[in-house]
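Coordinate analysis (summary)
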Amino acid sequence: MQIAVLGYGTVGSGVVHVIEENHDIILAKSGVDLEVKYVLDLRDFPGDPIQEKIVHDYDVIVNDPGIQIVVEVMGGVEPAFSFSKRALEAGKSVCTSNKELVARHGTELIALAHEHQASYMFEASCGGGIPVIRPLRTCLSQEVLDEITGIVNGTTNYILTKMIDEGLEFDDVLKDAQQKGYAERNPEADVEGYDACRKLAILSSLAYGKRVDYNDIYTEGITKITSSDILYAKKMDKTIKLLAYSHKDGEKVTAMVAPYLVDRRDPLAGVNGVFNAIFVHGNMLGDAMFYGQGAGKDATASAVVADIIEEAQTVGKSVMSEWSPEKQELEDVADTRKQFFVRVKGDAAQPGAAKQFGDVQLIDAGAAGEYGFVTPVMSEAEYQAKAAACGEIISMIRIRA
């Protein structure tokens, strides 16, 4: 089974490595004999054995009838979208780790694959090496799924873990993460929550059956989290995690990405470093948790190769994860209800600001000139109204129930 890999960066080189290193075990377990025939890249790699497979012209790949599977691991939207579209139109299956592309154009590419008896698969787009999309499509196809909650970005989880464990500030830990290769030079997509938002859109689309537009998901990142927030979290025996959350109630779906205070007894509290975890709730199964390496060359490549194997076993058929092109309208998060942890200027002995919020639980972590409190359960809209009237708020973090 001849395949072509588009891009020889971190994930692309990982895919080639997994196929070559595990060739015999893949053949023994799946009956699929994989061969990388082409690798598309702008660069040359003199001295690397891969050089003999390097091509610079995509037409060589798309016009070769021997290529039945195209692996898109280029990143970005273009030319990844155009290349994927042309491959599918030629009847070649495509698999990808590109969550930005899947979140933006997945619906169109899935339909195109179906039209041309090919498959479009994207297991590695959510959770790196964690198998979650295939279980949603197969093992949980009998379930009515109504909730997804997860830590789906390894960069932000690493940063928060290090801030909590070592009492460091965000900027210092970000530099450390960049030096270790856990964060990009431009980390905006990770630290502002955009990466988690795209993954949540993909998972929610699969779970609930309609296209969830990532542009509609309320999103906050972790750039405003400070060592003072962590001081209060520890005082309350909690930790801080960036959570991607969606919930379906009848025809209503809410979705958001934001930092949450998580109780130390919660399974998500123990998910640290670059690891990810995703909870899925079904009406019969209850909770299922998927846990593992959320990023990394070999872990992500392993998920890509799993898609390659399934596509190789089902050549000529359209086997894929899919959802309706009909857009899922999202409810305003202003109506969602929860507790909030609030830091305000002032003295805990005279908590004037807290009176705006009713029966609160005061938290004194010994920080000079401020105190914190936990609100009663209220809607986001109620919180915003009370916060505007208060006028002395330093920060707010939502609390996971």
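Higher on the page you've got the structure.
What you see is a predicted model, and the numbers here were worked out from it, not measured in a lab.

Quick notes on the rules
- Residues numbered from 1 in each chain as written.
- Predicted model: local features only at pLDDT ≥ 70, side-chain atom pairs only at ≥ 80, totals over all residues.
- Heavy atoms only, no water.
- 1 Å grid on protein atoms, 1.4 Å probe; cavity = no way out; pocket = protein on both sides within 12 Å on 5 of 7 lines; lining within 4 Å.
- Points joined across faces, edges and corners; volume = space filled by probe spheres on them.
- Helix = DSSP H or I, 4+ residues; strand = E, 2+ residues; numbered from the N terminus.
- Nonpolar A, V, L, I, M, F, W, Y, C, P; charged D, E, K, R; others polar.
- Salt bridge = Lys/Arg side-chain N within 4 Å of Asp/Glu carboxyl O.
- Buried < 20%, exposed > 50% of the residue type's maximum accessible area, 1.4 Å probe, protein only.

To continue, consider the layout of surface pockets. When its volume is computed, the largest pocket comes out at roughly 1,000 Å³. Contributing to the lining of the largest pocket are 35 residues, with Val11, Lys99, Glu184, Asp195 and Ala295 lying nearest its centre. Those elements that provide at least two residues to the lining of the largest pocket are helix H1 (10-21), helix H5 (99-115), helix H7 (154-166), helix H9 (188-191), helix H10 (194-208) and helix H12 (297-313). Residues of the lining of the largest pocket, tallied by class, amount to 11 nonpolar, 15 polar and 9 charged. By volume, the second largest pocket amounts to about 590 Å³. Forming the walls of the second largest pocket are 24 residues, and the residues nearest its centre are Glu147, Tyr245, His247, Thr254 and Arg337. Elements with a minimum of two residues in the lining of the second largest pocket: strand E7 (145-151), strand E10 (238-249), strand E11 (252-263), strand E12 (275-282) and strand E15 (337-345).

Moving on to the pattern of salt bridges. Per the stated rule, a full pass over the model turns up 25 salt bridges. Residues glutamate 310 and arginine 134 are paired through a salt bridge, measuring 2.6 Å at the closest nitrogen-oxygen approach. You can see glutamate 310 sitting in helix H12 and its partner arginine 134 sitting in helix H6 (residues 133-137), a full 176 residues away along the chain. Given a relative accessible area of 19%, arginine 134 falls into the buried group.

A separate point is empty space enclosed by the protein. Applying the stated criterion to the full structure yields 4 cavities of 30 Å³ or more. Of the volumes computed, that of the largest cavity is approximately 50 Å³. Around the largest cavity sit Tyr120, Met121, Phe122, Glu123, Ile133, Arg134, Arg137, Asp307 and Ser321, which together line it. Looking at the lining of the largest cavity, the elements that each hand over two or more residues are strand E6 (120-121) and H6. For the lining of the largest cavity, the element with the most residues is H6, which contributes 3 residues.

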